[in-house]
Every structure is written in structure tokens, then in C-alpha cells.
Amino acid sequence: MKKVSFGLSIVLTAIGLGLLFVGAAFGHPRVETSNIADGAVFNLTQVPGQITLTFNEEIDPKRSVVYVVRLQGRRIADNGNLFIEENQMTIGVNALDAGVYQIRWIAVTPDDAGFSEGTITFAVHFDS
Amino acid sequence: MQRRTQVRLTQGLTLLLAVVGMLFLIASGSAAHPNLRANESSPSPGALLNSSPARVQLVFSVESQGLVPEQSFFWVIKESGLSVVALGQVDLSVADRNVMAVTLPHLDPAVYRVKWVAVSLSDQGFSEGSFSFAVAGQ
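Rules and cut-offs
Residues numbered from 1 in each chain as written. Chains lettered and ligands numbered in written order. Predicted model: local features only at pLDDT ≥ 70, side-chain atom pairs only at ≥ 80, totals over all residues. Pairing = 2+ DSSP bridges. Helix = DSSP H or I, 4+ residues; strand = E, 2+ residues; numbered from the N terminus. Axes fitted to C-alpha atoms, helices over the stretch in contact; angles between N-to-C directions. pLDDT = per-residue confidence, 0-100. Contact = placed C-beta atoms within 7 Å. Buried ≥ 20, exposed ≤ 12 C-beta atoms within 10 Å, placed from the backbone. Nonpolar A, V, L, I, M, F, W, Y, C, P; charged D, E, K, R; others polar. Core = buried A, V, L, I, M, F, W, Y, C linked by C-beta atoms within 7 Å.

Enquirer: Just to check I follow, could you spell out the sheet that holds strand E8 (residues 126–135) of chain B for this structure?
Expert: Whenever strands of a sheet pair, they do so through backbone hydrogen bonds, lying parallel or antiparallel. All names here are of chain B. Read across the sheet, eight strands follow the order E1-E3-E6-E5-E4-E7-E8-E2 without closing on themselves; strand pairing throughout is mixed. The outermost strands of the open sheet, each flanked by one partner alone, are strand E1 (35–36) and strand E2 (48–49). Note that strand E3 (residues 55–61) and strand E6 (residues 99–103) share five bridges and pair antiparallel. Residue pairing in the sheet places Gln57 in a bridge with Ala101 of E6.

As C-alpha cells, then:
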């Protein structure tokens with residue numbers, strides 16, 4: 001009897017901890033996958049024409065946004081064509097010159113309005 | 001003799017114009033990026049308010065064509081828990097398109113962060129920043 005209740009309390013504790021982790025992740029979206037990795041370096045001809053970020057949970061299309069910024073001069077390098085559905089945001093990229101670029105995203109959850117933001121930096125160089 | 005003087009004058013003038021042109025380019029290049037005019041914005045950065053403000057309004061210095069409404073926003077975020085309480089957008093009733101605003105719901109006593117992103121229409125200049133204010137408890 002004692003063993004059973006001990007086992008039960010371990011299971012309950014595990015479930016409780018699991019819920020805590022879920023609770024912590026819930027509400028503050030983070031990027032799970034991106035077709036451009038942080039720190040990636042591309043040849044001019046290799047640069048993807050669009051960027052897709054996949055989050056760990058659904059994001060609100062009305063309050064979430066992503067920008068691609070050329071760091072030298074700090075100008076927008078995306079084409080403004082932003083598409084957000086469920087847990088994905090996609091944005092088209094203009095033909096890029098050589099330089100360092102930053103993907104800057106802001107994501108808000110639709111249900112509890114959790115806010116998070118982040119950056120992914122990459123570089124484009126001329127073919128050699 | 002006269003022709004030589006003329007050539008020199010033309011060369012000098014060209015050089016002068018080039019320098020002026022470059023200076024102008026440099027000046028306009030830096031002016032293009034939207035800047036928050038903190039002293040004209042409300043609440044002002046760092047303000048401690050006695051009650052919930054009715055709205056948040058940010059005023060920017062930006063070139064003649066103003067901000068891009070589809071790319072310029074601000075988020076009012078409750079610092080504890082990081083939840084968004086309001087989303088500010090470009091006020092289209094302001095002809096200069098240099099103001100973003102939002103009407104707020106009632107804010108509980110807490111610390112709030114305003115995170116803004118602004119893009120200039122004339123040359124796609126990107127800038128961003130944030131500031132905080134607090135609503136004091138009764």
C-alpha cells in the first residue's frame with residue numbers, strides 16, 4: 001500500500017512538472033524551424049526567395065510580424081509580402097545584394113496574447 | 001587664357017557641386033530612419049502614472065512621406081508575464097503619417113513596455129526601440 005502511494009506520488013509529481021513545462025512554453029512562441037539558420041552564409045545564387053519560420057504554437061496573424069533588415073544602412077530587404085497561418089509566418093525576400101541581413105520577428109499568441117521576439121542573422125556574399 | 005580660366009571655374013564648380021551633393025546624400029540618409037520624439041509621445045518614457053492612461057501615442061521624426069502603415073506598429077506589453085494589452089498602428093488621420101496610436105483598455109497597476117517598429121515609406125528605413133512606463137496602485 002505504501003509502495004503504491006509512493007509510486008502514485010511520483011507519477012503525480014511528474015505530471016505536475018510536465019504541466020509546468022507546458023505552461024511555461026505556452027504563451028510565448030519560439031521558432032522551432034527556419035529555412036534560414038542563424039549564422040547561415042549564402043552565395044548570391046543560393047539565397048532563398050522567401051523565409052518561413054515555424055513556431056511551437058499558433059500565432060496571431062493580426063499582431064505578429066517579421067522583417068528582413070539589411071544591417072548596413074538598416075533598410076527593409078523583404079518585399080512586405082507577409083503571410084501568417086496557424087504556427088507559420090512566411091515573407092518574400094527581394095533580390096539581395098551581398099551583405100549581412102537580420103530576420104527580426106515578433107510573435108503574439110492569439111489566445112493569451114503572450115509576446116516574444118527574436119532575430120536570425122545571415123550573410124550573403126558574391127560567388128567566388 | 002580666358003578659356004583656361006573658364007575650364008578651371010567649371011572644374012571647381014563641378015567639384016563643389018559634387019561635395020554638396022554628397023553631403024546632402026549623407027544628411028538625407030541619416031534623416032530617413034524614423035526617430036521617436038520622446039518628449040512629444042505619451043506616456044513619456046519612464047513615466048509613473050497615477051491612473052490608467054486612456055491611450056498611447058508615439059510621434060516620430062520621419063521624412064516627408066511618413067511611415068509605412070503596413071509595417072509600422074507598437075505593442076503595449078505588461079512586463080510581468082509579457083502579455084500584449086494593445087497594438088498601436090499608424091494614425092491615418094494625421095496627414096504627415098508620423099504618429100502611431102492606440103486606445104487602451106483599463107490597465108492594472110503594473111509596469112508596461114512599449115515596443116515599437118517604424119519603417120519610412122520614402123526609402124524603407126527601419127528603426128525600432130522600446131521604453132517603459134508604470135501605472136501606480138491606488
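Enquirer: Even after reading the chapter, I still don't get the sheet that holds strand E7 (residues 88–93) of chain A, so can you show me in this structure?
Expert: Residues and elements named next belong to chain A. If you walk across this open sheet you meet the four strands as E1-E3-E7-E6, and the pairing is antiparallel. Among the strands making up the open sheet, the edge pair consists of strand E1 (31–34) and strand E6 (78–85). Averaged over all adjacent pairs, the angle separating strand axes in this sheet is 20°, with direction ignored.

Enquirer: Which parts of the structure should I look at to understand the confidence of the model for chain A?
Expert: For residues with low pLDDT, the predicted coordinates do not support detailed interpretation. Residues at a pLDDT of 70 or more form 79% of chain A, whose mean pLDDT is 86. Scored below 50 in pLDDT, residues 19–25 of chain A shows one contact in the model against residues more than four places distant or in partner chains.

Enquirer: Looking at this structure, how should I read the confidence of the model for chain B?
Expert: With 78% of its residues at a pLDDT of 70 or more, chain B has an overall mean of 87. Overall fold confidence for the complex sits at a pTM of 0.79, while the interface term, ipTM, reaches 0.78.

Enquirer: Please clarify how unusual backbone geometry should be interpreted in this entry.
Expert: The general pattern is negative phi for most residues beyond glycine and trans for most peptide bonds. Residue Pro43 of chain B is reached from Ser42 of chain B by a cis peptide bond, and omega for that bond is -5°. Tracing the backbone shows Pro43 of chain B in the loop between E1 and E2. If you check the backbone angles, Arg74 of chain A has positive phi at about 45° while not being a glycine. For Arg74 of chain A, the location among the structural elements is in the loop between strand E4 (65–70) and strand E5 (75–76). Residue class for Arg74 of chain A comes out partly exposed when judged on the 15 C-beta atoms lying within 10 Å of it. For Ala113 of chain A, which is not a glycine, the phi torsion comes out positive at approximately 60°. Its location among the elements puts Ala113 of chain A in the loop between strand E8 (99–108) and strand E9 (115–125).

Enquirer: Teacher, can you tell me more about the interface of chain B and chain A here?
Expert: For interface size, the figure often reported is the accessible area lost on association. Contacts between chain B and chain A engage 16 residues on the former and 15 residues on the latter. Its residues assigned to classes, the side of chain B that touches chain A comprises eight nonpolar, six polar and two charged.

Enquirer: I keep staring at the nonpolar core and nothing clicks. Help me out?
Expert: It is characteristic of soluble globular proteins that their nonpolar side chains tend to be buried jointly. Core analysis: the biggest nonpolar cluster contains 51 residues, and Val66 and Val68 of chain A together with Leu58, Phe74, Trp75, Val76 and Trp116 of chain B have the highest contact counts within it. With residues near it in sequence (within four places) discarded, Val76 of chain B still touches Val56, Val84, Val85, Ala86, Gly88, Val102, Leu104, Tyr112 and Val114 of chain B.

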